[in-house]
Amino acid sequence: MKVTLRLYAGLALIGAAIAAHADGLLHVQQTIFGMDCAPCAYGVQQRLTKLPGVTKVEVSLNDGTADIGFASDSATTIPQIYDVLVQGGFTPKQAVVTVQGRIAKEGDRLKLITGDSQYELAFAHPGDSTAWQADAKVVVLGEIADPGAAGAPVLQVQKIEAAGPGATTSS
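Before going into details, it helps to say that this report is about the structure given with it. Predicted model only: the values in this text are computed from it and were never measured. (Residues numbered from 1 in each chain as written. Predicted model: local features only at pLDDT ≥ 70, side-chain atom pairs only at ≥ 80, totals over all residues. Heavy atoms only, no water.)

1. Points about the overall build of the chain
Argument step 1. Summing up its helical and strand segments, the chain has three helices and eight strands in all.
Argument step 2. The 171 residues of the chain split such that 44% are buried.
Argument step 3. Sequence-distant contacts in the chain: of pairs separated by 6 or more residues, those separated by 24 or more amount to 68%.
Argument step 4. If you sum the accessible surface of the chain, you get close to 8,400 Å²; carbon and sulfur atoms cover 53% of it. (Helix = DSSP H or I, 4+ residues; strand = E, 2+ residues; numbered from the N terminus. Buried < 20%, exposed > 50% of the residue type's maximum accessible area, 1.4 Å probe, protein only. Contact = heavy atoms within 4.5 Å. Areas by Shrake-Rupley, 256 points an atom, 1.4 Å probe, with all protein chains shown as cover.)

In structure tokens:
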């Protein structure tokens, strides 16, 4: 149920942010393990608020989540969020993210490039990836199951849309 609610919230954010946002994170719903008291939740909120370009942080102790919004020029990355939480003594779990960037192709694999960051894109149906051309500007809603994994985070795509002028698909 929570993932469904996150999906709907993320879809609403995609529609609102497509034209007005530079490449990078738009929204993150981060699940956090080990946050079991009000001072813990307050500490998480304070630490995340200090990240560059963060405009909103709402922490739910009951749900074990942090809802993070970003300014259009934010350079914050998933690894930075992960590091802040680990340094605070918590374990970041899956994250539902909305991120804007450009498609890059490496063989038959797609990546999302956002400034200095990149994400490996994983599609539930592999044929879905063939609709996107290299350099297409897109907004992706998806889930990162292991934000602490080495290398580029793997973003399991739930929804992908063209963003801004010049964004094209091959279909």
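This is not the end of the story, as more comes after the structure.
2. Comments concerning the pairing of strand β4 (residues 91-106)
Two faces belong to every sheet, and in a regular strand the side chains alternate between them.
Argument step 1. Pairing between strand β1 (residues 24-33) and β4: eight bridges, direction antiparallel. Residue pairing for β4: histidine 27 is matched across the bridge by threonine 98.
Argument step 2. Note: β4 against strand β7 (residues 137-144), eight bridges, orientation antiparallel. Residue pairing for β7: arginine 102 is matched across the bridge by lysine 137.
Argument step 3. Note that β4 and strand β5 (residues 109-114) share five bridges and pair antiparallel. (Pairing = 2+ DSSP bridges.)

3. Some points on unusual backbone geometry
Argument step 1. Located in the positive-phi region is aspartate 135, a residue other than glycine, with phi close to 75°.
Argument step 2. Structurally, aspartate 135 is set in the loop between β6 (117-123) and β7.

4. Let's talk about the side chain of glutamine 30
Argument step 1. Mapped onto the elements of the fold, glutamine 30 is located in strand β1.
Argument step 2. By relative accessible area, glutamine 30 is classed as buried at 1%.
Argument step 3. Excluding residues that lie within four positions of it along the chain, glutamine 30 makes contacts with Gly64, Thr65, Ala66, Ile81, Leu85, Pro92, Lys93, Gln94, Ala95 and Pro147.

5. Focus on the nonpolar core
Argument step 1. Membership of the largest hydrophobic core comes to 37 residues, with the highest contact counts inside it found for Leu25, Val28, Leu48, Ile68, Ile81, Leu121 and Val140.
Argument step 2. Beyond its immediate chain neighbours, meaning those up to four positions away, leucine 121 contacts Ile103, Leu110, Lys111, Leu112, Val140, Leu155 and Val157. (Core = buried A, V, L, I, M, F, W, Y, C linked by side-chain atoms within 4.5 Å.)

6. Considerations on the pattern of salt bridges
Argument step 1. Under the definition given, this model contains six salt bridges.
Argument step 2. Among the salt bridges present, the one from aspartate 23 reaches lysine 137, with a minimum N-O distance of 3.0 Å. With aspartate 23 in the loop between α1 (2-17) and β1 and lysine 137 in strand β7, this residue pair connects regions lying 114 residues apart in the sequence.
Argument step 3. Classification of aspartate 23 as partly exposed rests on a relative accessible area of 24%.
Argument step 4. Between glutamate 106 and lysine 111 there is a salt bridge, with the nearest N and O atoms lying 3.3 Å from each other.
Argument step 5. Residue glutamate 106 is classed as partly exposed on the basis of its relative accessible area of 48%.
Argument step 6. Assessed through its relative accessible area of 9%, lysine 111 is described here as buried.
Argument step 7. Each of the salt bridges in this network shares a partner with another, and the network as a whole consists of Glu106, Arg109, Lys111 and Glu120. (Salt bridge = Lys/Arg side-chain N within 4 Å of Asp/Glu carboxyl O.)

7. What about the packing of helix α2 (residues 38-49) against helix α3 (residues 78-87)?
Argument step 1. In the contact formed by α2 and α3, the axes pass within 10 Å of each other and the chain directions differ by 140°. In the packing of α2 onto α3, the handedness of the crossing is right-handed. Together, Val44, Arg47 and Leu48 of α2 and Ile81, Val84 and Leu85 of α3 make up the contact between the two elements.
Argument step 2. Considered class by class, the residues forming the contact of α2 with α3 number five nonpolar, no polar and one charged. (Axes fitted to C-alpha atoms, helices over the stretch in contact; angles between N-to-C directions. Left-handed = near helix turned anticlockwise from the far one by under 90°. Nonpolar A, V, L, I, M, F, W, Y, C, P; charged D, E, K, R; others polar.)

8. A word on the packing of aromatic side chains
Argument step 1. Summed over all chains, the structure comprises zero aromatic pairs.
Argument step 2. Taking the ring centre of phenylalanine 33 as reference, the NZ or CZ of lysine 93 above it sits at 5.8 Å. (Phe/Tyr/Trp six-rings, centres within 6.5 Å; stacked < 30°, edge-to-face > 60°. Lys NZ or Arg CZ within 6 Å of the ring centre and 35° of its normal.)

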